[in-house]
Amino acid sequence: MPDEKRVADAIGYYQRMWQQAHDQWADYDSFYQLEFDVWDERQFKDRSFYRRSRARNLVDHAVDSQMIYHPNVKRESVGEAGDSQERADRLRDGLAAVIRESSLREMSLPWRMAAKYLTHYGYFVFEAPILDARLMQDRIDSRKRIRNETEEEFKQRQNDVKASFWNPVRINVPHPTSVLMDACERDPDEAIKIEAMPAYRVLELSEYKKKSRKNSEVYQLKNQNPSSPVIVQHYWSRYWHAVRATSGEMGSEPQMLYVEKNGMRMLPFLHTLAGFGMEPVNGTGNPQHSAVGILHGVRDSLRAQAQGDSAKHNLLMRKSFVGMRTSGNPEELRDQLRGGIAQAEEGEIGILPTPDVDRAMFEIGREQAEDIEEGTYSRTLGGVRIPGVSTVG
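Bear in mind that the values here come from a model prediction, so they are computed numbers and not experimental data.

A few points about the packing of helix H9 (residues 299–320) against helix H11 (residues 366–375)
- As a packed pair, H9 and H11 sit with axes 9 Å apart at the nearest point and diverge in direction by 150°. In terms of orientation, H9 and H11 fall into the roughly antiparallel class. Along this stretch, H9 crosses H11, giving a crossing that reads as left-handed. Here Ser-301, Leu-302, Ala-304 and Gln-305 of H9 come into contact with H11, specifically with Gln-368, Ala-369, Asp-371 and Ile-372.
- Looking at the contact of H9 with H11, its residues break down into four nonpolar, three polar and one charged.

Points about unusual backbone geometry
- Unlike most non-glycine residues, Lys-222 shows phi in positive territory, near 55°.
- Note on placement: Lys-222 falls in the loop between helix H7 (199–212) and strand E5 (229–237).
- One non-glycine residue, Asn-282, lies in the positive phi region at around 60°.
- For Asn-282, the position within the fold is in the loop between strand E8 (269–273) and helix H8 (287–290).
- Owing to a relative accessible area of 75%, Asn-282 belongs among the exposed residues under this scheme.

What about the side chain of His-234?
- For His-234, the location among the structural elements is in strand E5.
- Side-chain polar atoms of His-234 contact the side chain of Glu-195, separated by 2.8 Å.
- A distance of 3.0 Å separates polar atoms of two side chains, one belonging to His-234 and the other to His-241.
- Among residues more than four places away in sequence, those in contact with His-234 are Ala-191, Ile-192, Lys-193, Glu-195, His-241, Ala-242 and Val-243.

Quick word on the pairing of strand E6 (residues 240–247)
- Here E6 lies mainly inside the structure; seven of its eight residues are buried.
- Sheet analysis places E5 next to E6, joined by seven bridges and oriented antiparallel. In the strand pairing of E6, Trp-236 is matched with His-241.
- Joining the antiparallel neighbours E5 and E6 is a turn of two residues.
- Alignment of E6 against strand E7 (residues 255–261), held across six bridges, turns out to be antiparallel. In the sheet register, Trp-240 faces E7, and the bridge partner there is Lys-261.

Focus: a nonpolar patch on the surface
- A cluster of nonpolar side chains, Val-322, Met-324, Leu-337, Ile-349, Ile-351 and Leu-352, forms an exposed patch at the surface whose accessible area comes to about 470 Å².
- Mapped onto the secondary structure, Leu-337 falls in helix H10 (residues 330–337).
- Here Leu-337 falls in the partly exposed class, since its relative accessible area comes to 35%.

Quick word on the sheet that holds strand E2 (residues 169–172)
- Reading across the sheet, the three strands line up as E2-E1-E8 and stay open at both edges, with antiparallel pairing between neighbours. The strands lining the two open edges of the sheet, one partner per strand, are E2 and E8. In this sheet, neighbouring strand axes are inclined to one another by 15° on average, regardless of whether the strands run parallel or antiparallel.
- Of the strand pairs in this sheet, strand E1 (residues 123–131) and E2 are connected by three bridges, and their pairing is antiparallel. Residue Leu-131 lies in a different strand from E2, and its bridge partner there is Val-169.
- Against the sheet, helix H4 (residues 110–120) engages E1, E2 and E8, with an angle of about 155° to E1.

Describing a negative patch on the surface
- Together, Asp-3, Glu-4, Glu-217 and Glu-253 line one region of the surface with negative charge.
- Secondary-structure assignment places Glu-217 in the loop between H7 and E5.
- Of the residues examined, Glu-217 reaches a relative accessible area of 42% and is grouped as partly exposed.

Considering the nonpolar core
- If you look at the biggest cluster of nonpolar residues, it comprises 34 residues, and the most contacted ones within it are Trp-18, Trp-25, Tyr-123, Phe-124, Met-181, Ile-192 and Phe-269.
- Taken together, the elements giving at least two residues each to this core come down to helix H1 (4–32), H4, E1, strand E3 (179–180), strand E4 (190–198), E5 and E7.
- Considering each element in turn, this core owes the most residues, nine residues, to H1.
- The residues contacting Met-181, other than those within four sequence positions of it, are Tyr-14, Met-17, Trp-18, Tyr-123, Val-125, Pro-188, Glu-190, Ala-191, Phe-269 and His-271.

Calculation notes
- Along every chain, residues carry numbers that run from 1 in the direction the sequence is written.
- Whole-chain, interface and lining totals are the exception, using all residues; otherwise, since this is a predicted model, local features are given only for residues with pLDDT of at least 70 and side-chain atom pairs are given and counted only at 80 or more.
- Each side-chain value is derived from all of the structure's non-hydrogen atoms; neither hydrogens nor water enter the calculation.
- Axis angles are defined between N-to-C directions and span 0 to 180 degrees, where every axis is a line fitted to C-alpha atoms and, for a helix, only to the segment in contact.
- Numbering goes from the N terminus for both helices and strands, where a helix is a DSSP run of H or I of at least four residues and a strand is a run of E of at least two.
- Small angles under 35 degrees read as roughly parallel and large ones over 145 as roughly antiparallel, with 65 to 115 read as roughly perpendicular and the rest as oblique.
- Here a crossing is called left-handed whenever its near helix is offset anticlockwise from the far helix by less than a right angle, and right-handed whenever the offset is clockwise.
- Whether two residues are in contact is decided by their heavy atoms: any pair within 4.5 Å suffices.
- When residue character is reported, Ala, Val, Leu, Ile, Met, Phe, Trp, Tyr, Cys and Pro are called nonpolar, Asp, Glu, Lys and Arg charged, and the others, Gly included, polar.
- Only protein chains enter the accessibility calculation, which uses a 1.4 Å probe; a residue is then buried when its area is under 20% of its type maximum, exposed when over 50%, and partly exposed in between.
- Pairing of N or O atoms within 3.5 Å defines a polar contact, subject to two protein rules: one partner must be a possible hydrogen donor and the other a possible acceptor, and residues neighboring in sequence count only if both atoms are side-chain atoms.
- At least two bridges found by DSSP between two strands are what make those strands a pair.
- Only residues whose relative accessible area exceeds 30% and that take part in no salt bridge are eligible for patches, with like-charged residues grouped when within 9 Å of each other and nonpolar side chains (Val, Leu, Ile, Met, Phe, Trp, Tyr) grouped when within 5 Å.
- All accessible-area figures derive from a Shrake-Rupley calculation using a 1.4 Å probe, and residue coverage is judged against the displayed protein chains alone.
- Every case where a carboxyl oxygen of Asp or Glu lies within 4 Å of a side-chain nitrogen of Lys or Arg is listed as a salt bridge.
- Charge assignment in this entry is limited to Lys and Arg as positive and Asp and Glu as negative, and neither His nor the chain termini are counted.
- For the purpose of locating charges, the reference atoms are NZ of Lys, CZ of Arg, CG of Asp and CD of Glu.
- Only buried Ala, Val, Leu, Ile, Met, Phe, Trp, Tyr and Cys residues count toward a nonpolar core, and they belong to the same one when joined by side-chain atoms within 4.5 Å.

What follows is the structure, given as structure tokens:
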């Protein structure tokens, strides 16, 4: 049975393993969220910039292209009985209905999030099977009659629970940074899941586990706001499941809540890589090289394209809104121009010179655009027609 030290060592080990990959993903996020630095902040802090939505479109259009595929359920027949195939087909249809209904109960469609994580980060995690804790608790509570509850109300509550309990299975595609496993193993022996839960839910969970678990403690709420987030860390192995929690207060130490046997005898996670990356020579299994997203190799081109776009946009602004000059008093001229008319001698008022615009400047960015397309995927997959091509099919 894992103790607190064993759990802490495992969490620290996998966090160090994934740290560089997570830092790399944060850089991908800056491009997807259109927050990347166009200019070097140390040299060009006040220089204006313009970012296209190209990076975001690359990911979203690639995901849209994958969404034509739907998860399928396949069940082979067992035995040689005449109705074995029919029974297998009924089970297949039932499982497919469970998967469809479970996916619709999530805030975001799990299959789309899986495609987005796989495209953007080059890695995704699938968590299943998960039993809906609230439905399970409702089913347990429905066996006992509540004080002052009439017989009719008791039966109605039982019927409501039965109606909603037909599918207690949940499907979850957590953010890849919240689940840590060995990226070199398809079926690893350990996994760490990190999530945030309201303090009151952590307290309720620990109280519930305390009733049936010998190795458990009740969460110490102390003076904490019951709605404030608590970091909950799960340690999973093939035989054990341990949970500890840390409040957001300064100096708070993790508290081991409970350790229980893993009745499934397997990890509730599946993970896979997109294949955009590759382990280098003399690699040590660092997921920084294997968990690589679609934007990895074109980030410099995206930044160079944004710099060219910013330069052209800045030049356009200077050409469109030209400053004025005068040999007289500039404040008087400014006040007169507020009324739309200024009184001045010929040659007393002029406009500031602006740089000449060379036609070749508008070709800037074509090489970057070609490199971005070659380094990601063809724009035709997103429904964009190639210039000069008029045929379809």
